[in-house]
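# Chains, contacts and geometry: an overview
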Amino acid sequence: MAVVKFTLNGKPQTVDAVPAMPLLWVLRDTLGLTGTKFGCGMSLCGACTVHINGQPVRSCVTPISTVAGKTVLTIEGLSADASHPIQQAWIEEDVPQCGYCQSGQIMTAAALLAKTARPSDADIDEAMHGNICRCGTYDTIRSAIHRAAEIKRGAGASK
Amino acid sequence: MSIPVNRRTFLKTGAATAGGLLIGFYLPERNELAAAATDSKLNAYVHVGSDDFVTLFIHKAEMGQGTVTSLSMLLAEELECDWNKIRTEFPGVSPEYGPYQGVVGSQSIRTSWEPLRRAGATAREMLVEAAAQRWGIDKSRCRAESSEVINTATNARLSYGSLSEVAAKLPRPTAVALKDPSQFRLIGKPTKRLDTHDKVNGRAAFGIDVRVPGMLHAVVERCPVFGGKVAGFDASKSKAIPGVKDVVAISSGVAVIAENTWAAMEGRRVLKVQWDEGAVASISSAGISKDFAEHSQQPGAVARKTGDAAASLAGASKKIEAVYETPFLAHAPMEPLNCVAHVRPDGCEVWASTQGQTAARDIAAKITGLAPEKVQVNTRFMGGGFGRRARSDYVGEAVEVSKALGRPVQLTWSREDDLQQDFYRPAAYARLTAGLDAEGWPVAFSARLICPPFGGLNNGVARTGVEGVVDMLYAIPNILVDYHALDPGIPVSYWRSVGYSQNTFFAESFLDELAAAGGKDPVELRRRLLSNAPRLRTALELAADKAGWGKPLAPGKGRGISVVNNIGSFTAQVAEVSINRGKLRVDRVVCAVDCGYAVNPAGIEQQIRSGIVFGLSAALKGGITIDRGRVQQQNFHQYDVLRMEEMPAIEVHIVPSRNAPGGIGEAGTPGIAPAVANAIFAATGKRVRRLPIRSEDLA
Ligand code: FES
Ligand code: FES
């Protein structure tokens, strides 16, 4: 066991865990933050995506020891009131079906938007390739990302 | 008001429903007729609270199809309540909820169409009556609107909340009039889902998110060979893993229980189990295929006989024969299977995202020896079901582990477990023969279908093995369909659209072969053969028209069409594909659907798209193969699904209809594989006769 200190959703966090334990399970089982989902455990589906120092990362293959001193953002910390442009756009476009993949989709999309203000379809393909949705919401995800970019630029209230 | 349930037992499962107006009603199950409804058998409730909120308690679980939204629309239409003040709860299963609870076969909206509107109208009438009494006027002078009753003479208003207590004491009206569809203000309008907000902030509670005080986490090592049994195990290394609490044998294998899921998985990784692999250890996909092919030479059990196909074939001007084959498929819902169970000496509580609440209760009762009414099943949001969650094997496992430990336990399946221990869409094989007359029109059609059966046999025929061919609406004078129930021992079950998922591929691809052999346009041939099936023909014509059927395409591109009638809906799809240096891309899909009265057009469109993506994943990538009784695919790298960049542009067109609503969750799935295969033929002249589509089948 090792004590690991990091910043979680803006607050200091300390956990005592086996160093190899993936961040995903620390979040879900140790800390009770269940918004980050388990889908494959092998970095193949994107359901477990969180931000570490602003980068989208698959938490299922991220040992907790590597998180020491870093800043972790999960879906719970993206905004207090679902007001992040991505979340607003997701609501406007009615993206989720079963909803299970959506935390990961939203975190991946939020990282894309942070880095690319006006993502093209090709940017979206590349960024979102690793996020599976079995309900097939890909096309609404695409339009919601474009819409979120508009919201972020302040280009108009909701339609 | 007659509510023959113990109100307290019921209410404890729900929101703050103390007081207020509670109306119980009955939603028919499966194919039961609405007429079977009686007051003594209630399975759903509407509650109007003193806080103005309307709560719909239903047992239909939400797995992503937007059922909750559509059902709420039916209720709100007649209740005249404010759309923002309606919410839904899934009460735990309890014996009062009728003999069968579950969501399979896309029947939710089909069975709820009348009773939900009636329940809404009943509640509205009682609230209006309560207002009329308060004002001392006749209720004909009152009108209900947006959760208020309005006095039409004075314009005075009383909120539903302020009337609910009084309304609850009034007799329930015996007959209520329902609106004519022309008066609908909600039904038929594209309506956003009610559950979106919690699905963008991580708060929606799926089964896997259930946390119970004192809960441990378990995973199970199962025999890699279907039907194998534990011969012995050595848990010493597992128990040395930090966090591992216990290792116990259960009927499906060996469970490792730990403080967290990961420790349980680590403990399982070093567990040593000796298996008694059993008979299935000699089974492989190649052998199954060979067996299918051999049986296809012999007549099977007759599923449909129209005219005399054999005689007609013998006299036909042209005879066409083909063999088609499809693989086993896994469901792979995004949320891996899981269940929390807490077995106590006097009762058992289960939390699960399940499509089969009653089955979950029954298996828990059986394992614990408790009476079914001592078992409480709490339903949570499902991260996809697609048929897999109608099974309750994983519920039973959680109950067994909790029983052994006497503590609440969450059991989680890994993705590997999910792909390797599924109840699969069966592999299937079809030998198809048809005869054309001198003008090239089909006069005889015979299909020999072979696949593992499930859902029961009737005179040797499993409905799940023949649907999609046996119920084709084509007016071909001589049709013979027969079937072999061949069971190699691989577990099989319902998979989104069930038998249609393979049989529509067989039938609609082969029909395309007949069009080509007879020199007919594929749309023209179908239009002629659907002369007695106006709803399907209209869908066909709409899809063809919107897709620009017949308009020239660039070289390397092709269009293909398919039709299907399943779950009370009629669907046609046109796929447009391009083949570029041996690589297939599905560019565009145009789908037309007649699913009866379109309660929520937005929801229908979403479900059709979803069904198409699901079917396309299978057509392009899906395949579970067996080697020595073991599934060869382990995770998404070997069982890939459609990704963002592969998504075609999908257009959905809804045929206006006044018929009772059909199902929609499975309507889009069957038609996409044949539409794509037919488009490949149009582009390349290559006929795809097996799935998934492989690059070597394109050139
Ligand atoms: S669970 Fe991490 S990528 Fe699938
Ligand atoms: S919304 Fe169900 S998996 Fe994406």
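Because the structure is predicted, anything quoted here is derived from the model rather than measured. Here, residues in each chain are numbered from 1, in the same order as that chain's written sequence. Note on labels: chains are lettered from A, ligands numbered from 1, in written order. Confidence filtering applies because this is a predicted model: local features only for residues at pLDDT of at least 70, side-chain atom pairs given and counted only at 80 or more, and all residues used for totals across whole chains, interfaces and linings. The basis for the side-chain values is all heavy atoms of the structure; hydrogens and waters are excluded.

## Description of the domain arrangement of chain B
Residue and element names in this part refer to chain B. Split into domains, chain B comes out as domain 1 (7-198), domain 2 (207-278 + 337-412) and domain 3 (286-328 + 424-697). The interface of domain 1 with domain 3 comprises 22 residues on the first partner and 18 residues on the second. Together domain 1 and domain 3 conceal approximately 1,400 Å² of surface at their shared face, both sides included; 61% is due to carbon and sulfur atoms. Only one rule defines a salt bridge in this text: a Lys or Arg side-chain nitrogen within 4 Å of an Asp or Glu carboxyl oxygen. Run the count over domain 1 and domain 3 and you get zero salt bridges. Counting of polar contacts relies on pairs of N or O atoms within 3.5 Å, with two restrictions inside protein: one atom must be capable of donating a hydrogen and the other of accepting it, and residues adjacent in sequence are counted only when both atoms are side-chain atoms. The tally of links between domain 1 and domain 3 comes to three residue pairs in polar contact (both at pLDDT 80 or more). Per the convention used, a helix needs a DSSP run of H or I reaching at least four residues, while a strand needs a run of E reaching at least two, with both numbered from the N terminus. Taken together, the elements giving at least two residues each to the side of domain 1 that touches domain 3 come down to helix 2 (67-79) and helix 3 (108-135). Top contributing element to the side of domain 1 that touches domain 3 by residue count: helix 2, with four residues. Throughout this entry, Asp, Glu, Lys and Arg are counted as charged residues, while Ala, Val, Leu, Ile, Met, Phe, Trp, Tyr, Cys and Pro are counted as nonpolar. The remaining residues, Gly among them, count as polar. Split into classes, the residues belonging to the side of domain 1 that touches domain 3 amount to nine nonpolar, nine polar and four charged. Throughout the structure description, domain borders are defined by an automatic or database domain assignment. Residue contacts follow a heavy-atom distance rule, with two residues in contact if any of their heavy atoms lie within 4.5 Å. Joining two parts hides part of their accessible area as seen by a 1.4 Å probe, and the buried area is that hidden amount summed over both.

## Overview of the pattern of salt bridges
Under the criterion given, the structure shown has 55 salt bridges over all chains. One salt bridge connects B:R609 with A:D139, and the closest N-O pair in it is separated by 2.2 Å. Of this pair, B:R609 sits in helix 16 (residues 601-621) while A:D139 sits in helix 6 (residues 138-152), each in a different chain. Between B:E259 and B:K245 there is a salt bridge whose closest N-O contact spans 3.5 Å. Linking B:E259 in the loop between strand 11 (253-258) and helix 6 (261-269) with B:K245 in strand 10 (residues 244-250), this pair joins segments that are 14 residues apart in sequence. Taken together, the shared-partner salt bridges connect B:E221, B:R222, B:R268, B:E397 and B:D417 into one network.

## Quick word on the packing of aromatic side chains
In summary, the pairing rule links any two rings of Phe, Tyr or Trp, Trp by its six-membered ring, whose centres are within 6.5 Å, and it sorts them by plane angle into stacked for under 30 degrees, edge-to-face for over 60 and tilted for everything else. Evaluated as defined, the whole model comprises 14 aromatic pairs over all chains. Aromatic side chains B:Y324 and B:F506 sit 6.2 Å apart centroid to centroid with 55° between the ring planes, which places their arrangement in the tilted category. One end of the pair, B:Y324, is in strand 14 (residues 318-326); the other, B:F506, is in helix 13 (residues 500-518), and 182 residues separate them in sequence. The pair B:Y324 / B:F506 is uniform in exposure class, with both members buried. A ring pair is formed by B:F445 and B:F510, whose centres lie 5.8 Å apart and whose planes are at 65°; its orientation type is edge-to-face. Of this pair, B:F445 sits in strand 20 (residues 442-451) while B:F510 is found in helix 13, placing the two residues 65 residues apart along the sequence. Chaining the aromatic ring pairs together yields one cluster made of A:Y100, B:F206 and B:F381. Working definition: with a 1.4 Å probe on protein chains only, accessible area under 20% of the residue-type maximum means buried, over 50% means exposed, and in between means partly exposed.

## A short note on the environment of B:A235
All names here are of chain B. Take A235: it is sitting in the loop between strand 9 (229-234) and helix 5 (236-239). Spatially, the C-alpha atoms of A235 and D418 are 23 Å apart, while their sequence positions differ by 183 residues. In contact with A235, other than residues within four places in its own chain, are V247 and L271.

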